[in-house]
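Okay, here's what each chain looks like letter by letter:
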Amino acid sequence: MNEKEYLTVSSLTKYIKYKFDIDNNLKNVFLKGEISNFKAHSTGHMYFSLKDEKSKINAIMFNFNAKKLNFKPQEGSKVLVVGKISVFEQTGAYQIYIDDMKEDGIGNLYVAFEKLKQDLQKEGLFDPKHKKPIPVFPKRVGVVTAPTGAAIRDILSTIKRRCNKTEVIVFPSLVQGENAKEDIVRNIKLAENYNLDVLIVGRGGGSIEDLWPFNEEIVARAIFECSIPVISGTGHEVDFTIADFVADYRAETPTGAAEKAVPNLKDMINYFDQFKIRLNESMNKKIEHKKLKLENIKNSYVIKNPMMIIENKIQKLDIVNEKIITLLNQKMEKTINTFINLSQKVLYLSPYNKLNNYNVKLQNLNEKINLISNQIIKNNINKVNNIKQKIEYLNPINKIEKYKKELKNYNDNLNKNINHILLIKQNKFKIILEKIEILNPIAILGRGYSITKKDNKVLNSVHNIKVNDELNVKLKDGNVLVNVKEINGE
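A.B. asks: Account for the pattern of salt bridges, naming residues and giving values.
C.D. replies: Two side chains with opposite charge may pair up if their charged atoms get near one another. With the rule as written, the count across this model stands at 10 salt bridges. Residue Asp183 is joined to Arg186 by a salt bridge in which the shortest nitrogen-to-oxygen separation is 2.7 Å. With a gap of 3 residues between them, Asp183 and Arg186 both fall in helix H5 (residues 180-191), about one helical turn apart. Accessibility expressed as a relative area gives 15% for Asp183, which makes it buried. Here Arg186 falls in the partly exposed class, since its relative accessible area comes to 45%. Of the charged contacts in the structure, one is a salt bridge between Arg250 and Asp244, with a shortest N-O distance of 3.8 Å. On the basis of relative accessible area, Asp244 is assigned to the buried category, the value being 4%. In this structure, a network of salt bridges that share partners links the residues Glu123, Glu217 and Arg221.

Structure, rendered in structure tokens:
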């Protein structure tokens, strides 16, 4: 065999790696097993083996994927991994390069989750073009969640704190268990009848089994088909459900969903204050600009020296007239001299019997000369008149009057628009101040109410008070320090 036909080890390894890398079945492998020989490198990379009762495979998870883990892998951990199979050329060993890893115990659910996610993504249910915008100032917000628990308390307290003028309608729903998915779908469809601006769908945290109703296909399609903008607020920050991908907006927590659903009233007030400042600055800049423009017009050469321009035009007109008259006289004198010379030649050279004919011709020529002269004079007079008309049209006094009228109309319209804008902004600001005054808890004190605090915390229940506690009671016109002698609950 020819020595050239032998392969190097590197060539063979590269070929085997190539075969692995082009195999679609090895590009997205779902694998479960037990971690052994675990080593966490200082760079953040993780090196270990996955094994079962009969086999094992080397595995590596690079730091950029390892940072996403919500648990700490260790020796003996049973895990579910997703990755690709390839060959490490230096050792010639095949291994799995892991993109994602979860603790085992949820294997079937996780596989079902990934399959449904891929199917719905291919169908286009996650496409951003289908996402409806979340309104900035909703009047009515719906909430599909359990009627008890931390999630509904967080949502209601957050909305009340940020914008207590927003109406909230709760659609109590099962969010866990076998029948939860049908109940969630029923409440989403029910919410369509309540003229809502935005709908929050979600629950608090839990295991993947607890959150599974929000991974059901019928729930995903109900959210996708809902005509109301939907905010998904399910679980904790690290939890993802199919509902999150289909919803118009995914919040990390139920509290985050409430914050996205309604604006912060204090932020709105600050926004209008800043808008008022910017409006005043803009109007002042425009007024200063117009004043500067008016001053430039007043100081212009045309306004200050109008007669100088007229005098220059008159002087130019006199010069043109003199040139016309001089040119006309020169042409007439030249023409007359020419005919006189011609007549003399005729008299000198012609016989007597032709003298009368030449006299007749000379007379005709004289008449033509007079006609041409009159026409030249008339044309030049017309030119002079046209020049006078142009001078009158360009008279700066007429333009000054026109500019004065335009400037007056512009100032009138500017003042009218400024007053109209100020009136609108003053009315809006007055409405906002009235709303703030209504929401101001201090104003309530004037009607006989008081605010009781213990250790600088507002009390809302006798259960937070003990006998001999010192309390601070705030009234309309001051504070009172009291000592608790007796407590009577209701």
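Moving on from the coordinates now.
A.B. asks: Tell me what's going on with the environment of His45, and back it up with residues and numbers.
C.D. replies: Here His45 shows up in the loop between strand S1 (29-40) and strand S2 (46-51). Assessed through its relative accessible area of 18%, His45 is described here as buried. Along the chain, His45 and Asn65 lie 20 residues apart, while their C-alpha atoms are 8.8 Å from each other. Not counting the four nearest positions on each side in its chain, His45 is found in contact with Lys39, Ala40, Met61, Phe62 and Asn63. At 3.0 Å, the side chain of His45 forms a polar contact with the backbone nitrogen of Asn63.

A.B. asks: I'd like to hear about a nonpolar patch on the surface, residue by residue, with values.
C.D. replies: A surface patch of nonpolar side chains, amounting to about 630 Å² of accessible area, comprises Leu7, Leu12, Tyr15, Ile16, Tyr18 and Ile22. Structurally, the position occupied by Leu12 is in helix H1 (residues 9-22).

A.B. asks: Tell me what's going on with the sheet that holds strand S5 (residues 93-103), and back it up with residues and numbers.
C.D. replies: On the basis of which strands lie adjacent, the closed barrel formed by 5 strands has the order S1-S2-S3-S5-S4 and mixed pairing. The average angle at which neighbouring strand axes cross in this sheet is 50°, direction not considered. The sheet contact formed by S1 and strand S4 (residues 78-88) spans 6 bridges and is antiparallel. Paired with Val29 across the two strands is Gly83, which belongs to S4. Against the sheet, H1 touches S4 and S5, its axis set at about 135° to S4.

A.B. asks: Describe in detail the pairing of strand S7 (residues 167-172), supporting the description with residues and values.
C.D. replies: Across 6 bridges, the pairing between strand S6 (residues 140-145) and S7 is parallel. Considered in S7, the bridge of Val144 is made with Phe171. After leaving S6, the chain enters helix H4 (residues 150-162) and then returns to the sheet as S7, a path that is right-handed.

A.B. asks: Report on the sheet that holds strand S14 (residues 478-483), specifying residues and quantitative values.
C.D. replies: Sheet architecture is open: 4 strands sit in the order S12-S11-S13-S14, paired in antiparallel fashion. The open sheet has two edge strands with one neighbour each: strand S12 (457-458) and S14.

Cut-offs applied
- Residues numbered from 1 in each chain as written.
- Predicted model: local features only at pLDDT ≥ 70, side-chain atom pairs only at ≥ 80, totals over all residues.
- Heavy atoms only, no water.
- Salt bridge = Lys/Arg side-chain N within 4 Å of Asp/Glu carboxyl O.
- Helix = DSSP H or I, 4+ residues; strand = E, 2+ residues; numbered from the N terminus.
- Buried < 20%, exposed > 50% of the residue type's maximum accessible area, 1.4 Å probe, protein only.
- Contact = heavy atoms within 4.5 Å.
- Polar contact = N/O pair within 3.5 Å; in protein donor to acceptor, adjacent residues only side chain to side chain.
- Patch = residues over 30% accessible without salt bridge, like charges linked within 9 Å, V, L, I, M, F, W, Y side chains within 5 Å.
- Areas by Shrake-Rupley, 256 points an atom, 1.4 Å probe, with all protein chains shown as cover.
- Pairing = 2+ DSSP bridges.
- Axes fitted to C-alpha atoms, helices over the stretch in contact; angles between N-to-C directions.
- Right-handed = clockwise from strand over helix to strand, strands pointing away.

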